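Take a look at the letters that make up each chain.
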Amino acid sequence: MYRYNVATAASPGKLEEPDAGEGGLLDPDDWDAFRALAHEILDRSLDLQERIREEPAWRPVPPELEPRYRESAPMDGVGEEAVWEDVRELVLPYRSGNPHPRFWGWVGGTGSPLGMLAELIAAGLNNSAPFDDAASRVERQVIDWMKEVMGFPARASGVLTSGGSVANLVGMAVGRDAQAGADVPAEGLAALDGRILVYTSTEAHASVHKAAQVLGLGRRGVRLVPVDDKDRIRIELLRERIAADREAGHRPAVVVGNAGTVNTGAVDDLDVLADLVAEEDLWLHVDGAFGALARLSPEYRSLVEGIERADSVAFDFHKWMCTPYAAGCVLVRDAEAHRRTFDAPATYLEPPPRGTGSWTDSPNRRGPQLSRAFTALKIWMVLRAYGFRRHGELVTDNIRQARYLARLVDEHPRMERLAPVALNVVTFRYTGEPATASPDPSFLDALNLELLMRLQERGVAVPSSTRVRDAFALRCAIVNHRSRDEDFDLLVEATAAFGDELLAEGFTP
Ligand SMILES: *Cc1c(COP(=O)(O)O)cnc(C)c1O
């Protein structure tokens, strides 16, 4: 039995030795055997990171394995050793490919070995936050560091989230409530006359639309302003739209600026947006899911100039900082406005003056989540170990690599680039010899789609796709600390070779 000696309880931390071997229902029967298994799991997990370059960038799940993922609920367990066998057979080989040096799809971060270890430690502590514990202090520290880095004042507030989507939701929610002119947290949208409006460019990420849906503003409450030839919001059209909406009796509230659009990595003119928002007395939220981290690069930080003037900014750690998933953040300049949106009465959460629950600045009051993972630990450990300077080098490298890839494409006779490269996103396609090009524009769309699937299925690389000015584009968003220049050489070589191969096969859509 585990006994607490009440006589010595006055000196905290001193417990009597528990009897070894008597654990809970989910503890191992044999700790020595479990420990050996744990070391094996750790070694294989590290192997995966160390040797990832020798692996295919992606490996599809073989159809014959599909039934193994669709079994009925296991009422009796197979044991720890057997489940590790299952992991080795069913899980480890069929990775999305994020840790691979040639994974550039969507905006997929790489993760890191130290981040992986942090997850192990955090899972063992299993603190559910928000308590008076180290986790609360570590999270506060991480948020304070990010305020410094993003040029936000120390009095600003912030919260860690699962990612950019929830960070956008939080920033837009606070903006909505601060601008509503009524007590929306108490009364809801019913208290308002006129429609609350959000403004952003046609290039905004879907999470902005989703946030508007969830916040009761609706997708129609998001005014989509056209972009210029560099995919940046056209400020004069934004200004006109705001005036017209005011005229019609609506309530313009939030402008969402983009620091790194998902399609092409474009950055809105944030300084001009901040000026306009000040003149119009609106809320500027910046979706900087990956682009905000350009602040870390001394060479390229000017690309996101003005971000420090936002009312709120959302960004991810799991993208351009390569923290293991999931980790995002939102900073809010007006801490009081932030708290007003998320504070909800709960007697069972009232902090006593001392004890476990006495942490008064709970993240629960700054976002939708109560129980949450110790997300801050992996960020804190990796940042302390490697520093912001090294993360800045990572950003600088990736931007330079994007320019390198753009040049390779530009110089290739059978490929073309589809958008300017502002940050770390390159969009391009295979065209074949211009002289023999098909007159049907949808031919190249279909050809490049097939080409993309071959690049992935053959394990060469994982770009993703999008449409740029109505053309199907191969798209690389580079947030990868393992990529080298030769990886981009290989991508261009393979793209050309597979494109040539498709034409030689007589590809038809
Ligand atoms: C990825 C991304 C998001 C959403 O972030 P998640 O971390 O995936 O939730 C929002 N905006 C942009 C520009 C993104 O690239």
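The coordinates are above.
Position labels on residues start from 1 in each chain and follow its written sequence. Local features in a predicted model are, by the rule used here, given only for residues with pLDDT of at least 70; side-chain atom pairs are given and counted only at 80 or more, and totals for whole chains, interfaces and linings are based on all residues. Where side-chain values are given, they derive from all heavy atoms of the structure, hydrogens and water being excluded.

A. Spotlight on the sheet that holds strand β7 (residues 328–332). One bridge is not enough; two strands pair if DSSP finds at least two bridges between them. Helix and strand assignments come from DSSP, with helices taken as H or I runs of at least 4 residues and strands as E runs of at least 2, each series counted from the N terminus. Overall, mixed pairing links the seven strands, which are arranged β1-β7-β6-β5-β4-β2-β3 in an open sheet. Lying at the two open borders of the sheet, with one neighbouring strand each, are β1 (157–161) and β3 (222–225). Geometrically, the sheet is characterised by an average inter-axis angle of 20° between neighbouring strands, direction not taken into account. As paired elements, β1 and β7 share five bridges and run antiparallel to each other. Convention adopted: a line fitted to C-alpha atoms gives each axis, helices being fitted over their contacting stretch, and angles between N-to-C directions are expressed from 0 to 180 degrees.

B. Representation of a negative patch on the surface within the structure. Among the surface-exposed residues, Asp29, Asp30, Asp32, Glu80 and Glu81 lie close enough to one another that they form a single negatively charged patch. Among the structural elements, aspartate 32 can be located in helix α1 (residues 31–50). Two distance rules govern patches: like charges are joined within 9 Å, and nonpolar side chains (Val, Leu, Ile, Met, Phe, Trp, Tyr) within 5 Å, applied only to residues with over 30% relative accessible area and no salt bridge. The Shrake-Rupley method, run with a 1.4 Å probe, gives the accessible areas here. Residue values count only the displayed protein chains as cover. In what follows, salt bridge is the name for a side-chain nitrogen of Lys or Arg lying within 4 Å of a carboxyl oxygen of Asp or Glu. Lys and Arg are tallied as positive, Asp and Glu as negative. Neither His nor the chain termini are counted. The atoms used to mark charge sites are NZ of Lys, CZ of Arg, CG of Asp and CD of Glu.

C. Summary view of the sheet that holds strand β10 (residues 464–468). Spatially, β8-β9-β11-β10 is the arrangement adopted by the four strands of the open sheet, whose pairing is antiparallel. What marks the edges here is a single partner per strand, and that holds for β8 (415–417) and β10. For this sheet the average axis-to-axis angle between neighbouring strands, irrespective of direction, equals 40°. Pairing analysis gives three bridges linking β8 to strand β9 (residues 425–430), with the strands arranged antiparallel. Residue methionine 415 lies in a different strand from β9, and its bridge partner there is tyrosine 430.

D. Representation of the site of the ligand within the structure. Around the ligand, the surrounding shell holds 14 residues, and the nearest of these are Gly164, Ser165, Asp287, His318 and Lys319. One of the side-chain nitrogen or oxygen atoms of histidine 318 is found 2.8 Å away from an oxygen atom of the ligand. Contacts described as polar in this section are N or O atom pairs within 3.5 Å, which, within protein, must combine one atom able to donate a hydrogen with one able to accept it, while residues neighboring in sequence count only if both atoms come from side chains. At 2.9 Å from an oxygen atom of the ligand is found a side-chain nitrogen or oxygen belonging to lysine 319. Compared with its free state, where it exposes 370 Å², the ligand has 85% of that area covered by protein. The leading source of residues in the shell around the ligand is helix α5 (residues 164–179), at three residues. Classifying every residue of the shell around the ligand gives three nonpolar, eight polar and three charged. Any residue with a non-hydrogen atom lying within 4 Å of a molecule or strand is treated as near it. Polar here means any residue outside two lists: the nonpolar Ala, Val, Leu, Ile, Met, Phe, Trp, Tyr, Cys and Pro, and the charged Asp, Glu, Lys and Arg; Gly therefore counts as polar.

E. Geometry of the packing of α1 against helix α2 (residues 80–91). The N-to-C vectors of α1 and α2 enclose an angle of 10°; their axes lie 11 Å apart at closest approach. Considered as vectors, α1 and α2 are oriented roughly parallel to each other. For the pair formed by α1 and α2, the contact residues are Ala33, Phe34, Leu37, Glu40, Ile41 and Arg44 on the first element and Glu80, Glu81, Trp84 and Arg88 on the second. In terms of residue class, the contact of α1 with α2 is made up of five nonpolar, no polar and five charged. Roughly parallel refers to an angle under 35 degrees, roughly antiparallel to one over 145, roughly perpendicular to one between 65 and 115, and oblique to any angle outside these ranges. It only takes one pair of heavy atoms within 4.5 Å for two residues to be counted as in contact.

F. Main features of the pairing of strand β5 (residues 283–287). For every residue, the accessible area obtained with a 1.4 Å probe (protein chains only) is divided by the maximum for its type, and the residue is called buried under 20%, exposed over 50%, and partly exposed between those limits. With five of its five residues buried, β5 lies for the most part within the structure. The side-chain alternation of β5 yields two buried faces, one formed by Trp283, His285 and Asp287 and the other by Leu284 and Val286. Sheet topology places strand β4 (residues 251–258) next to β5; five bridges connect them, and they run parallel. Note that in β5 the partner of valine 254 across the bridge is tryptophan 283. In this fold, β4 hands off to helix α9 (residues 270–280), which returns the chain to β5; that crossover is right-handed. Where β5 lies against strand β6 (residues 312–316), three bridges are found, and the strand directions are parallel. Looking at β6, one finds that valine 286 is bridged to valine 313. Handedness of a crossover: with both strands directed away from the viewer, a clockwise path from the first strand across the helix to the second marks it as right-handed.

G. Representation of the packing of aromatic side chains in the model. Between rings of Phe, Tyr and Trp, where Trp is taken as its six-membered ring, a pair exists when centres lie within 6.5 Å; planes separated by under 30 degrees are stacked, by over 60 edge-to-face, and by other angles tilted. Under the counting rule described, the total for this entry stands at seven aromatic pairs. In this structure, arginine 333 packs its charged tip against the face of phenylalanine 152, placed 4.6 Å from the ring centre. Only when the NZ of Lys or the CZ of Arg is both within 6 Å of the ring centre and within 35 degrees of the ring normal is a charge said to sit over the ring. The ring of phenylalanine 498 carries the charged tip of arginine 458 above its face, separated from the ring centre by 4.5 Å.

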